[in-house]
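If you want the building blocks of each chain, they are given just below.
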Amino acid sequence: MRGAQAMSVPSRIRRRDLVALAVTVLWSVVSFLPAWREPELGGVAILGWMMAVLMVLAPVASLIALLGGRR
Amino acid sequence: MLVERVLVGLYLAGCITIGIIASRRALSSRDEYWVAGRRVGTAVNAMALMASLASGGSIIGVMGLAYAQGIPATLALFTGSVVGFSIAAFLVAGQLRRFGKYTITDFLTFRYPHPIVAYLVPIFIVVAFLIYIVAQLKAAGITAVVLLGIPYETALVLACVVFIAYVSIGGMTAITWTDVVQGTLMLVIVVGAAVFVVLREGSPATLLVQATSSYPELGQVTQHPVSMYLGNFIIWATAIPVIPHIVMRVLSAKDPVAAKLSLNLAMLAFGVLILTAVFTLVPLGKTMFPGLTDPDQVFLNIMAELFPPVVRGAAVAAVLAAVMSTTDALLLACSSAIAHDILGVVVGRMSSRGQSAVRIGSAWGIGVVAMFLALSPPDLITEFYTAGVGLLSASLFVPTVFGLWWSKANLTGGIAALVVGAAIYVVVLLGVVPIGYAPIVVALPASAIAMMVGGILGAAETEAMLNRVGALHGGA
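Residue positions are given per chain, counted from 1 along the sequence in the order it is written. Just so you know, chain letters begin at A and ligand numbers begin at 1, following the order they were written in. Whole-chain, interface and lining totals are the exception, using all residues; otherwise, since this is a predicted model, local features are given only for residues with pLDDT of at least 70 and side-chain atom pairs are given and counted only at 80 or more. Excluding hydrogens and water, the side-chain values take into account all heavy atoms of the structure.

Note on conventions: DSSP H or I runs of at least 4 residues are helices, E runs of at least 2 residues are strands, and numbering of each starts at the N terminus. Assigned secondary structure in chain B consists of 20 helices and zero strands. At 22 Å, chain B has a C-alpha radius of gyration in line with the 23 Å of a compact globule built from 476 residues. Overall, the C-alpha framework of chain B stretches about 65 × 50 × 40 Å when taken along its three principal axes. Buried means the residue's accessible area, taken with a 1.4 Å probe over protein chains only, is under 20% of the maximum for its type, while exposed means over 50%, and partly exposed covers the values in between. Here chain B, with 476 residues, has 63% of them falling under the buried criterion. For this analysis, residues touch if any pair of their heavy atoms sits within 4.5 Å. Partitioning the intrachain contacts of chain B with sequence separation of at least 6 by distance along the chain shows that 86% fall at a separation of at least 24. Note on areas: these come from Shrake-Rupley sampling with a 1.4 Å probe, and a residue is covered only by the protein chains present in the view. Accessible surface computed for chain B: about 15,000 Å², of which carbon and sulfur atoms make up 70%. As defined in this context, the radius of gyration uses C-alpha atoms, and a globule is described by 2.2 Å times the residue total to the power 0.38.

See the structure below:
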């Protein structure tokens, strides 16, 4: 029973990690919505900007979760 | 081109020297050779991880891809890698580090003990990584042609001999040391070149507006069906947690926390590298060299046009560093798939000297095959090796993540997920069944469904196995 309980994501993953992972995945999903393909900002489609933000957001969210958890 | 050649010669000699120094330690045991004795600290591992991922594809290829297919398509592909690091840090890094073996095959054969898994996984790794290595070698070859003025074939042989030599004798220890040097060189050259360009030509915003005004396709989502953008993103997001050369870096970390932290720091450095290249150097390259027949040469043309010989020499060394830092890790992972995963039982019975000979021999074998394949290189290296990595993602991601986190994951489900994911990926990639979606978009869900069906219909996993897997989660 102990093993079975240990192997379920919600019961084992830390809350901070789950939040950071959810933010990253949610941003990824929203980035690929059709609405962001046509509009442009500075000559680049919003999809491109969303990806650029995600490239910084994902590691920062992970680091906050990891270092916050350690404290 | 004397200055450039001398600088590159010094760099290659330095790599060989590191390999020789590391060989004393590396050839002493399996732990030292495959995972550097499991004592690599956070900062060193982070830079080595970044260098392992930031390949020729990330310097030559990222700019070539953005030049040819636009910024959104390029960022979709490379941001997938960054998200993959996040997934790896949260879902597999700590657990695999606690597992404490050598390769991803070790984990999968522990979780799903069956000959199909034991042989199919290393075969997939060898196939996918051969493609990956060939793409890297093309980057080294064209760099030498453009900036050193030496023939493609000569550059190929030279680069191959050097990196095979230091990998085969120095193992993970040599790779770690060279990767730190190579990663630093890459960051300095790309970011330094971008700063120089900004000071000389104007801000990134100015460069971007200039380029997209004349070439609007640079910023548009027009080049591919959007499913291809999504497909490339998913391939890298799901490949990073299971791709063997990254997993071996996780296994070489000194502890689970260092493994997670180094993944996060590596992705920050990787993000800086990619964003700097895409938003500064690519717009300038598009404006300065609008009609390149080989888009992968845009960075090299910028360096040749704007910088003096010393910087060009350093740039060649940086591209070679990018190529070699990834290729050496790929070669070690590929070599481990043969010498450790497939021949492990036989090799285990050999003397220490015999084991070393097999490790060195398998590295040379793979390297030489890749070198011959690279004599006829593919177009657009990033797309080429992404297709190869997709095979690993489609076949290994679901068995690994479900195997760690789903209590119903069992032998039937693991084998089904592995085989179905790989088969569907290859069938769709080759166009046998034209469905209009990127192969990974179909293969990954199919792999997950196969796992769930197998998990529900197959024999339940033993309590002992569940407890052993549960123990890998430690304090999570």
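On the side of chain B, 48 residues touch chain A, which itself brings 39 residues to the contact. A quick way to say it: buried area is the sum, across both parts, of accessible area lost when two parts are put together, with a 1.4 Å probe. Summing the contributions of chain A and of chain B, the shared interface buries around 3,600 Å²; its carbon and sulfur component is 76%. Salt bridges are identified by distance alone: a Lys or Arg side-chain nitrogen within 4 Å of an Asp or Glu carboxyl oxygen. For the pair chain A and chain B, the number of links is zero salt bridges. In protein, a polar contact requires one atom able to donate a hydrogen and another able to accept it; more generally it is a pair of N or O atoms within 3.5 Å, and residues adjacent in sequence count only if both atoms are side-chain atoms. The tally of links from chain A across to chain B stands at four residue pairs in polar contact (both at pLDDT 80 or more).

As a further point, take the packing of aromatic side chains. Residues and elements named next belong to chain B. Put simply, two rings from Phe, Tyr or Trp (the six-membered ring, in Trp's case) pair if the centres are within 6.5 Å, and we call them stacked under 30 degrees between planes, edge-to-face over 60, tilted for the rest. Taken as a whole and judged by the stated rule, the model has 10 aromatic pairs over all chains. Here the aromatic rings of phenylalanine 99 and phenylalanine 110 are separated by 5.1 Å at their centres, their planes lie at 40°, and the arrangement is tilted. Of the two residues, phenylalanine 99 is situated in helix H5 (residues 71-99) and phenylalanine 110 in helix H6 (residues 104-111); the sequence distance between them amounts to 11 residues. Looking at phenylalanine 99, the relative accessible area reads 15%, which means it is buried. Classification of phenylalanine 110 as buried rests on a relative accessible area of 15%. Centre to centre, the rings of phenylalanine 402 and tryptophan 406 are 5.8 Å apart; their planes meet at 80°, and the pair counts as edge-to-face. Judged by relative accessible area, which is 22%, tryptophan 406 ranks as partly exposed. Among the aromatic residues, those joined into a ring-pair cluster are Phe99, Phe107 and Phe110. The ring of tyrosine 67 is capped by lysine 286, whose NZ or CZ atom sits 4.4 Å from the centre of that ring. Whether a charge sits over a ring comes down to the Lys NZ or Arg CZ being within 6 Å of the ring centre and within 35 degrees of the ring normal.

Nothing here speaks to function; it is all geometry.
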